[in-house]
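The primary structure of each chain is shown beneath.
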Amino acid sequence: MSHRSSAFAEIIETAEVDIRELLSIPDNYRVLFLQGGASQQFAMIPMNLMKNRVADFIITGQWAKKACSEAKLYGTANVVASSADKTFSYIPDCSDLPISENADYVYICENNTIYGTKFHTLPNTKGKDLVADVSSCFLSEPMDVSKYALVYGGVQKNIGPAGTVIVIIREDLVTEDVLPGTPTMLRYKTHADNKSLYNTPPAYGIYICGKVFKWLKSRGGLEAMKEHNEKKAAIIYDYLDNSKMFRGTVVPVDRSIMNVPFVTGSEELDAKFVKEASAAGFVNLKGHRTVGGMRASIYNAMPVEGVRKLVEFMAKFEADNR
Ligand SMILES: *Cc1c(COP(=O)(O)O)cnc(C)c1O
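Report follows, based on the coordinates. Sequence order as written defines residue numbering, which begins from 1 separately in each chain. Owing to the predicted nature of the model, reporting of local features is limited to residues with pLDDT of at least 70; listing and counting of side-chain atom pairs is limited to 80 or more, with chain, interface and lining totals taken over all residues. Note: side-chain values were computed over all heavy atoms of the structure, leaving out hydrogens and water.

## Some points on the pattern of salt bridges
When charged atoms on two side chains of opposite charge get close, those side chains can pair. When a carboxyl oxygen of Asp or Glu is within 4 Å of a side-chain nitrogen of Lys or Arg, the pair counts as a salt bridge. Applying the stated criterion across every chain yields a total of 18 salt bridges. The network of salt bridges with shared partners includes Asp 18, Glu 21, Lys 214 and Lys 217.

Encoded structure:
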């Protein structure tokens with residue numbers, strides 16, 4: 001099937017209509033289906049948006065850190081807040097940040113996949129454009145797109161196959177005024193002007209994203225998804241808050257409903273848990289090396305039953321190892 005065929009036009013156009021409906025994307029935003037995963041955006045954003053070559057970063061984990069390092073290749077990337085002092089276990093107070101006067105944008109990673117924190121309140125950017133990486137919370141709950149200049153996410157956590165990235169960008173930022181040397185393929189304008197069909201797009205990925213948009217709509221949209229995800233998260237957090245063995249690592253007010261890191265306090269016990277959980281079919285529970293312990297990623301696709309089973313397993317492990 002050619003990506004220029006009417007069959008594919010129908011697939012990509014329907015996908016755009018559906019994500020626009022799901023997120024109530026305002027008309028003055030463009031939706032782009034690109035390649036290179038979320039990490040490609042770490043460079044593409046400064047190349048296109050860093051007109052003054054200055055951007056402010058809020059560092060809440062590895063992904064924000066990586067984006068900040070990449071931006072430094074193109075200009076000055078200021079760290080205006082960070083939660084590195086406590087292993088990124090909280091979201092810094094962002095109500096009155098030292099925003100740079102000439103900052104082209106303020107950058108956040110909205111849900112911190114590794115650390116299990118989420119911005120439940122967006123930072124006060126003092127009028128500057130807000131750019132957010134929503135890779136690990138994309139379509140998990142409603143969001144007000146109009147509060148952002150650019151929102152993007154790799155789709156592999158919640159939506160579709162790895163490699164595809166969806167960029168939602170305010171129209172006035174789609175311009176020819178990019179940093180010198182920005183390749184044609186890395187200009188938002190190239191893809192916006194060609195409706196994401198400048199070259200062969202990640203066609204299979206877009207097809208699957210479209211299917212997932214339909215699935216989300218059939219489940220009642222993002223309000224219903226939020227309810228579903230909050231219910232799942234509450235089951236684990238309630239257990240963690242009452243457990244005498246396990247505890248969550250994140251400050252309760254900043255907890256993510258997608259990624260739930262937890263520890264026992266003993267490295268041996270953590271290792272034993274991960275091993276026994278894996279043998280019982282609960283795979284990929286090992287936490288990131290910088291946090292240790294465990295992490296349950298309970299993205300949209302995870303049913304409530306999966307979370308219940310995990311908590312039952314944890315309770316049994318706790319009883320058996322006291
Ligand atoms: C997974 C993830 C990424 C990296 O995505 P790639 O598609 O592998 O580049 C970036 N940001 C966040 C928040 C993620 O969860």
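Once the structure has been displayed, the description carries forward.
## Looking at the site of the ligand
Throughout, the term near means that a residue has one or more heavy atoms lying within 4 Å of the molecule or strand in question. Within the structure, the ligand sits among Gly 37, Ala 38, Ser 39, Trp 63, Cys 109, Asn 111, Thr 113, Asp 133, Ser 135, Ser 136, Gln 156 and Lys 157. Polar contact is the term for a pair of N or O atoms within 3.5 Å; when the atoms are in protein, one must be able to donate a hydrogen and the other to accept it, and sequence-neighboring residues count only if both atoms are side-chain atoms. Interatomic distance of 3.0 Å between a backbone N/O atom of Ala 38 and an oxygen atom of the ligand. In the model, a nitrogen atom of the ligand is placed 2.6 Å from a nitrogen or oxygen of the Asp 133 side chain. Per-residue and other accessible areas follow the Shrake-Rupley method at a 1.4 Å probe size, with only the shown protein chains counted as cover for residues. Out of a free accessible area of 390 Å², the ligand has 86% covered by protein chains. Counting residues per element, the shell around the ligand draws most heavily on helix H2 (residues 37-49), at three residues. Each residue gets one label: Ala, Val, Leu, Ile, Met, Phe, Trp, Tyr, Cys and Pro are nonpolar, Asp, Glu, Lys and Arg are charged, and the others, such as Gly, are polar. Taken together, the residues of the shell around the ligand break down into three nonpolar, seven polar and two charged. Numbering of helices and strands runs from the N terminus, with a helix taken as a DSSP run of H or I at least four residues long and a strand as a DSSP run of E at least two residues long.

## Some words on the pairing of strand E2 (residues 54-59)
With respect to burial, E2 is a largely interior element, six of its six residues being buried. We call a residue buried when its accessible area falls under 20% of the maximum for its residue type, exposed when it is over 50%, and partly exposed in between, using a 1.4 Å probe and counting protein chains only. Side chains of E2 alternate between two faces, with Val 54, Asp 56 and Ile 58 and Ala 55, Phe 57 and Ile 59 buried alike. One bridge is not enough; two strands pair if DSSP finds at least two bridges between them. The sheet contact formed by E2 and strand E3 (residues 76-82) spans six bridges and is parallel. Following the sheet pairing, Val 54 is matched in E3 by Thr 76. Throughout, right-handed denotes a crossover for which the path from the first strand over the helix to the second runs clockwise when the strands point away from the viewer. For the segment spanning E2, helix H3 (residues 62-71) and E3, crossover handedness is right-handed.

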